[in-house]
Amino acid sequence: MTVSSPFFAENQDFLSETLNDLTPTPPTNEIQLDNGCRVTRIGLGGIQVIPDNSADNKQLIFSSAIHGNETAPIEVCNQLVNEILSGQLTPKRPVLFLLGNPNSMRIAERFVEENLNRLFLGKHSAPGKSPNLETERAKQLEAWVDAFIEETNQDASELWHYDLHTAIRGSHREKFSLYPYVPNRTPPKQQLAIMQAADVKTVLLQATPAGTFSAYTSVKHHAESFTIELGSVRPFGQNDLSKYQAVKTLLCQLIEAKEASIPDQLAEEVDVFEVCHEILNTGDGFELHIKEDVWNFAPFNKGELIWNDTQQEYRVGEATQYIVFPNSKVPKGQRAGLMLKKQ
Ligand SMILES: O=C(O)CCC(=O)N[C@@H](CCC(=O)O)C(=O)O
Ligand SMILES: [Zn+2]
């Protein structure tokens, strides 16, 4: 659905403008809504919303389309932007909406040349790395985040970043979140309760540093950030958006600074898993022994062979382990899956 707004060309909105490559050059366009909120298009796939009076010192980033074929969260964020522009939603905090990889959205693929979600925290500029569409986009997204934080900074500002995805495989737990690794921290109860309110009742604690977008905001900006998996990859228009209503309601509450009504004890109902082994494609002879039709969170028992190469193998230890994101087709050196233990 598109809205009529002075902000976009006729019959366009954030999603269609980005998808149809209609973002004007130069991209900047700014309007002030009747409620005093300033809405600025900062570039292709980037919209910043700044209320004239913030309720508190929180700053919000909602990103989607870091993988271009993960369409449901893109549609949800597009609705939120439409509702802000139409005055239906009244922002009480600065919000940055980012559509991560418009080039891959257009071809309905996870990425064009390289997985964008491995390129943050300087990985885009690693020694010997050649620039490509995704390395340049990672730099752009980092710069937009930095500028947004700088512009909306207040005393003791607190950044919350939710990077919204959908998964390639089916899952025994349809919705789950991943908490990036930062030494010596655990997710605050309030964040777990927030996840629960969005129907995200499983959280995975990462155990090693990564180049994901949520890791960038966690490490560089000390944000409470999560990658959130909300369901399965489907083409635009084929998502059952009723399955995303809980997360949409939560994002609206955050935008309007109304989440205080979410009780902290909801955190007790969230299942926590720890990553106990990151499967890397080691190259020569690497074989992943996971069938194509295995779902995320499938359990594996003591002694089961998960992967091997010519030098080594990985088998499950005493306690049951669960797999997520198995993918043998990733390039050498990249993550081919995660093994989890339940806390
Ligand atoms: O379904 C899959 O195999 C991948 C889904 C996905 O894109 N997951 C993210 C998780 C990022 C994180 O570890 O925080 C990714 O792989 O980039
Ligand atoms: Zn993804």
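Residues numbered from 1 in each chain as written. Chains lettered and ligands numbered in written order. Predicted model: local features only at pLDDT ≥ 70, side-chain atom pairs only at ≥ 80, totals over all residues.

As annotated in an unreviewed UniProt entry, the chain carries the name Succinylglutamate desuccinylase and comes from Litoribacillus peritrichatus. According to the UniProt record, the Pathway (unreviewed entry) comment for the chain reads "Amino-acid degradation; L-arginine degradation via AST pathway; L-glutamate and succinate from L-arginine: step 5/5." As stated in UniProt under Function (unreviewed entry), the record for the chain gives "Transforms N(2)-succinylglutamate into succinate and glutamate." (UniProt positions renumbered as here; feature names shortened; annotations may be inferred.)

Trainee: Pulling in residues and values, what's your account of the pairing of strand β2 (residues 38-43)?
Mentor: Bridge analysis of strand β1 (residues 29-32) against β2 gives four bridges, and the strand direction is antiparallel. Paired with Glu 30 across the bridge in β2 is Thr 40. Connecting β1 to the next strand, β2, in antiparallel fashion are five residues, including Gly 36 with a positive phi near 95°. As judged from the five bridges shared by β2 and strand β3 (residues 46-50), these two strands associate in the antiparallel manner. (Pairing = 2+ DSSP bridges. Helix = DSSP H or I, 4+ residues; strand = E, 2+ residues; numbered from the N terminus.)

Trainee: Summarise the UniProt feature "active site" (unreviewed entry) in the chain; cite the residues concerned and give the values.
Mentor: The positions that UniProt labels "active site" (unreviewed entry) are, in the present scheme, Glu 229. Position of Glu 229 relative to the elements: it lies in strand β9 (residues 224-232). Apart from residues lying up to four places away in sequence, Glu 229 is in contact with His 165, Thr 166, Ala 167, Lys 175 and Phe 176. (Contact = placed C-beta atoms within 7 Å.)

Trainee: Can you tell me about the UniProt feature "domain: AstE/AspA barrel-sandwich hybrid" (unreviewed entry) in the chain, naming the residues and giving the values?
Mentor: In the numbering used here, UniProt assigns the "domain: AstE/AspA barrel-sandwich hybrid" (unreviewed entry) feature to residues 269-342. Regarding residues 269-342, the helix share stands at 0% and the strand share at 46%, and the terminal C-alpha atoms are separated by 14 Å.

Trainee: Please give an account of the pairing of strand β15 (residues 321-324) that cites residues and values.
Mentor: Taken residue by residue, a regular strand's side chains alternate between the two faces of the sheet. Of the two faces of β15, the one lined by Gln 321 and Ile 323 and the one lined by Tyr 322 and Val 324 are each fully buried. Examined bridge by bridge, strand β12 (residues 298-300) and β15 share three bridges and lie antiparallel to one another. By the bridge assignment for β15, Pro 299 is matched with Tyr 322. Bridge count for β15 against strand β16 (residues 335-342) is three bridges, and the pairing is antiparallel. Residue pairing in the sheet places Val 324 in a bridge with Leu 338 of β16. (Buried ≥ 20, exposed ≤ 12 C-beta atoms within 10 Å, placed from the backbone.)

Trainee: Could you give an account of helix α2 (residues 72-85), with specific residues and numbers?
Mentor: In a regular helix each residue adds 1.5 Å, so 14 residues correspond to 20 Å; α2 covers 20 Å between its end C-alpha atoms and thus fits that length. Here α2 lies mainly inside the structure; 11 of its 14 residues are buried. Those residues of α2 that sit buried are Ala 72, Pro 73, Ile 74, Val 76, Cys 77, Asn 78, Gln 79, Leu 80, Val 81, Ile 84 and Leu 85. Once α2 finishes, Gly 87 follows within two positions and takes phi at roughly 85°, a positive value. (Expected span 1.5 Å × (residues − 1).)

Trainee: How would you explain the environment of Asp 264 if you had to name every residue and give the values?
Mentor: Within the secondary structure, Asp 264 is located in the loop between α7 (245-255) and β10 (271-280). Distance in space between the C-alpha atoms of Asp 264 and Leu 192 is 8.1 Å, their sequence separation being 72 residues. Setting aside anything within four residues of it in sequence, one finds Asp 264 in contact with Lys 189, Gln 190 and Ala 193.

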